[in-house]
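# Breakdown of the fold
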Amino acid sequence: MSSFQQVLPKGFHAFHPDVSLNFQMNRWWSWVGEDEMLAELFEAAPRIRDYRDWKREFTRLARGAEAAGRLAPAAYHWRSADFFMLPDDADRPHARHRFLELARGLHGLGPDDLHRVPYPPGGSQAWLTAIEFKPPGEVKDAVLFFGGFDSYIEELLPALRYLGQAGLRVIAFEGPGQGSTLHEAGLTMTPDWHLPVAAVLDHFDVTEASAIGLSLGGCLVIRAAAREPRLRRVVAYNILTDFFEVNLRQAGPWLAALMRALVSAGAAPLVNAALRAAAGRRPVIAWGLVQGMHVTGTRSPYAFLEQVQRYRTDDVSAALAQDVLLLAGADDHFVPLHQLDDQQQGLTRARSVATRVFTAEESAASHCQAGNYQLALDVMLDWLRLARERE
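Residues numbered from 1 in each chain as written. Predicted model: local features only at pLDDT ≥ 70, side-chain atom pairs only at ≥ 80, totals over all residues. Heavy atoms only, no water.

Taken as a whole and judged by the stated rule, the model has two cavities of 30 Å³ or more. Looking at the largest cavity, its volume works out to about 680 Å³. Lining the largest cavity are 39 residues, and of these Phe149, Asp150, Phe243, Trp287 and Phe334 lie nearest its centre. Only helix 1 (19-32), helix 10 (243-248), helix 13 (283-296) and helix 14 (301-308) provide two or more residues apiece to the lining of the largest cavity. Residues that form the lining of the largest cavity fall into these classes: 25 nonpolar, eleven polar and three charged. There is about 80 Å³ of room inside the second largest cavity. Forming the boundary of the second largest cavity are 14 residues, of which Arg92, Asp150, Tyr152, His183 and Gln291 lie nearest the centre. (1 Å grid on protein atoms, 1.4 Å probe; cavity = no way out; pocket = protein on both sides within 12 Å on 5 of 7 lines; lining within 4 Å. Points joined across faces, edges and corners; volume = space filled by probe spheres on them. Helix = DSSP H or I, 4+ residues; strand = E, 2+ residues; numbered from the N terminus. Nonpolar A, V, L, I, M, F, W, Y, C, P; charged D, E, K, R; others polar.)

In this section: the packing of aromatic side chains. Applying the stated criterion across every chain yields a total of 18 aromatic pairs. Plain terms: the ring middles of Phe23 and Phe334 are 5.6 Å apart, the flat faces sit at 90° to each other, and that makes the pair edge-to-face. With Phe23 in helix 1 and Phe334 in the loop between strand 7 (323-329) and helix 15 (338-346), the pair connects residues that are 311 residues apart, well separated along the chain. Classification of Phe23 by relative accessible area gives buried; the value is 4%. The class for Phe334 is partly exposed, based on a relative accessible area of 22%. Measuring from ring centre to ring centre gives 5.2 Å for Phe83 and Trp287, while their planes differ by 40°; the resulting arrangement is tilted. In this pair, Phe83 sits in helix 4 (residues 71-83) while Trp287 sits in helix 13, placing the two residues 204 residues apart along the sequence. Three or more aromatic residues joined by ring pairs form one cluster here, namely Trp28, Tyr51, Trp54, Phe58, Tyr76, Phe83, Phe84, Phe99, Tyr152 and Trp287. Of note, Arg96 hangs over the ring of Tyr152, and the distance from its end group to the ring centre comes to 5.6 Å. If you follow Arg116 out to its NZ or CZ, it ends over the ring of Trp127, 3.7 Å from the centre. (Phe/Tyr/Trp six-rings, centres within 6.5 Å; stacked < 30°, edge-to-face > 60°. Buried < 20%, exposed > 50% of the residue type's maximum accessible area, 1.4 Å probe, protein only. Lys NZ or Arg CZ within 6 Å of the ring centre and 35° of its normal.)

Moving on: the packing of helix 3 (residues 51-67) against helix 4. If you want to describe how two helices pack, look at the angle between their axes and the distance between the axes. Put simply, helix 3 and helix 4 touch, their axes get as near as 8 Å, and they point 160° apart. Of the possible angle classes, the one that applies to helix 3 and helix 4 is roughly antiparallel. Between helix 3 and helix 4 lies a crossing whose hand is left-handed. Residue-level contacts link Trp54, Lys55, Phe58, Thr59, Leu61, Ala62, Arg63, Ala65 and Glu66 of helix 3 to Leu71, Pro73, Ala74, His77, Trp78, Ser80 and Ala81 of helix 4. The residue inventory of the contact of helix 3 with helix 4, partitioned by class, reads ten nonpolar, three polar and three charged. (Axes fitted to C-alpha atoms, helices over the stretch in contact; angles between N-to-C directions. Parallel < 35°, antiparallel > 145°, perpendicular 65-115°, else oblique. Left-handed = near helix turned anticlockwise from the far one by under 90°. Contact = heavy atoms within 4.5 Å.)

This part covers the pattern of salt bridges. What the rule picks out here adds up to 40 salt bridges. The residue Glu57 makes a salt bridge to Arg60 at a minimum N-O spacing of 2.6 Å. Remark: Arg60 and Glu57 occur in helix 3; sequence separation between them is three residues, near one turn of the helix. In this structure Arg60 comes out as partly exposed when scored by relative accessible area, which is 39%. Across the pair Arg233 and Asp141 runs a salt bridge, and its minimum N-O distance is 3.1 Å. Residue Arg233 is found in strand 6 (residues 231-237), and its partner Asp141 is found in strand 3 (residues 141-146); the two are separated by 92 residues along the sequence. A single salt-bridge network, built from bridges that share partners, covers Asp141, Glu208, Arg232, Arg233, Asp323, Arg351, Arg388, Arg390 and Glu391. (Salt bridge = Lys/Arg side-chain N within 4 Å of Asp/Glu carboxyl O.)

Turning our eyes to something else, we now look at the sheet that holds strand 7. A sheet is described by the order of its strands in space; here eight strands give the open sequence 1-2-4-3-5-6-7-8, paired in mixed fashion. Only two strands of the sheet have a single neighbouring strand rather than two, namely strand 1 (114-118) and strand 8 (352-358). Between one strand axis and the next, the sheet turns by 20° as a mean value, whatever way the strands run. Of the pairings in the sheet, the one linking strand 3 to strand 5 (residues 209-214) comprises four bridges and is parallel in character. For Val143, the partnering residue across the bridge sits in strand 5 and is Ser210. (Pairing = 2+ DSSP bridges.)

What follows covers the side chain of Arg230. Mapping Arg230 onto the fold places it in the loop between helix 9 (217-225) and strand 6. Within the structure, the side chain of Arg230 is placed 3.0 Å from the side chain of Glu228, a separation counted as a polar contact. Apart from the residues lying within four places of it in its own chain, the contact partners of Arg230 are Ala198, Leu201, Asp202, Val206, Thr207, Glu208 and Ala209. (Polar contact = N/O pair within 3.5 Å; in protein donor to acceptor, adjacent residues only side chain to side chain.)

For Arg260, the position within the fold is in helix 11 (residues 253-265). Residue Arg260 is classed as partly exposed on the basis of its relative accessible area of 35%. Taking the C-alpha atoms as reference points, Arg260 and Val234, separated by 26 residues in sequence, lie 30 Å from one another. Ignoring anything within four residues of it in the chain, the contact list for Arg260 reads Asp242, Phe244 and Glu245.

Right, let's talk about the packing of helix 11 against helix 12 (residues 268-281) for a bit. For the pair helix 11 and helix 12, interaxial distance at closest approach is 10 Å and the crossing angle is 155°. Taken as axis vectors, helix 11 and helix 12 run roughly antiparallel relative to one another. Taken as a pair, helix 11 and helix 12 cross one another with a handedness that is left-handed. Contacts between helix 11 and helix 12 involve Leu255, Met259, Leu262 and Val263 on the former and, on the latter, Leu270, Val271, Ala274, Leu275 and Ala278. Classifying every residue of the contact of helix 11 with helix 12 gives nine nonpolar, no polar and no charged.

With that settled, consider the state of the cysteines. One pass over the full model with this rule turns up zero disulfides. We note that Cys219 lacks a disulfide partner, and the nearest cysteine sulfur, in Cys368, lies 13 Å from it. (Disulfide = S-S within 2.5 Å.)

These results come straight from atomic positions and should not be treated as a statement about function.
And the structure:
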């Protein structure tokens with residue numbers, strides 16, 4: 001294990017009976033770890049029954065923490081408030097900007113530290129947002145880090161700093177459909193992730209790198225590595241082989257099977273009607289569809305699911321010849337554990353494949369190891385070191 005001093009908290013808590021809301025509360029607390037934040041999350045949770053309650057409570061907590069000078073909890077409370085706001089919510093820009101300003105300030109980042117990578121290359125008016133951390137001493141490796149469907153790179157700054165302490169040159173970016181690249185540059189998501197990866201590598205003049213993809217990034221990193229030879233070592237944090245399955249998991253197995261058949265048959269009216277009916281009964285489905293259409297730039301539930309089918313790895317996995325590390329949580333409520341085996345079996349030409357399943361006893365069984373981020377980071381650091389030594 002890494003010899004670094006413990007800098008991130010450990011513990012996955014039962015804040016809320018709803019598994020999705022409980023995960024989000026743990027997701028943000030796990031970057032801060034403050035006892036007062038822990039107490040106020042337990043205090044607010046009983047008043048949260050729906051997303052309107054969520055917005056009200058986390059806006060209240062954010063303002064209170066900010067007024068008290070508790071800037072780290074304030075930042076992540078604003079991020080939490082922002083998370084379940086719909087794209088047209090008039091309060092969303094304020095919540096998002098307060099999070100970005102506070103998070104960047106906590107890590108000493110100013111405007112000059114934010115890179116705008118032209119995208120697509122060749123005079124485009126759009127861009128990818130990127131942040132680079134250079135270690136103070138010897139650079140052992142360059143690591144490209146990116147998130148998934150709903151993450152901002154600013155929420156990952158503690159992880160990026162931690163990796164930098166290990167002597168890594170860390171370049172984190174937001175591709176199409178992510179963070180400021182979506183909200184400010186207006187670029188919606190693409191499964192052709194080798195294209196933004198290539199643009200970032202070119203911009204920072206990187207000839208060889210490791211790559212870590214978080215959440216949906218665990219799918220995107222496999223897709224990118226299949227077509228970008230400069231990625232020498234690949235970490236799927238966590239694995240995600242079939243985003244269509246992940247999206248419909250909330251709907252239950254019967255509706256998921258029906259939707260897969262109807263989308264394959266091109267039955268757009270039936271898909272739209274069925275999903276809108278399901279959204280009326282399940283707020284998480286309603287929010288997921290609206291957010292999903294926003295991120296992918298689609299205009300109907302059918303078009304969104306049709307796009308989502310392209311976020312898979314079975315069509316590219318056999319092309320990887322790199323060293324690959326696959327991470328999974330034993331109790332991940334987003335990604336079913338069988339996708340770990342699916343991904344491992346698909347990597348038929350990889351130079352090496354290592355896997356790690358995190359457990360509840362480690363406080364790391366949830367999606368992307370919320371509850372014990374440091375353990376996941378240490379596993380990655382140790383694997384990267386061993387992979388470099390084998391070369």
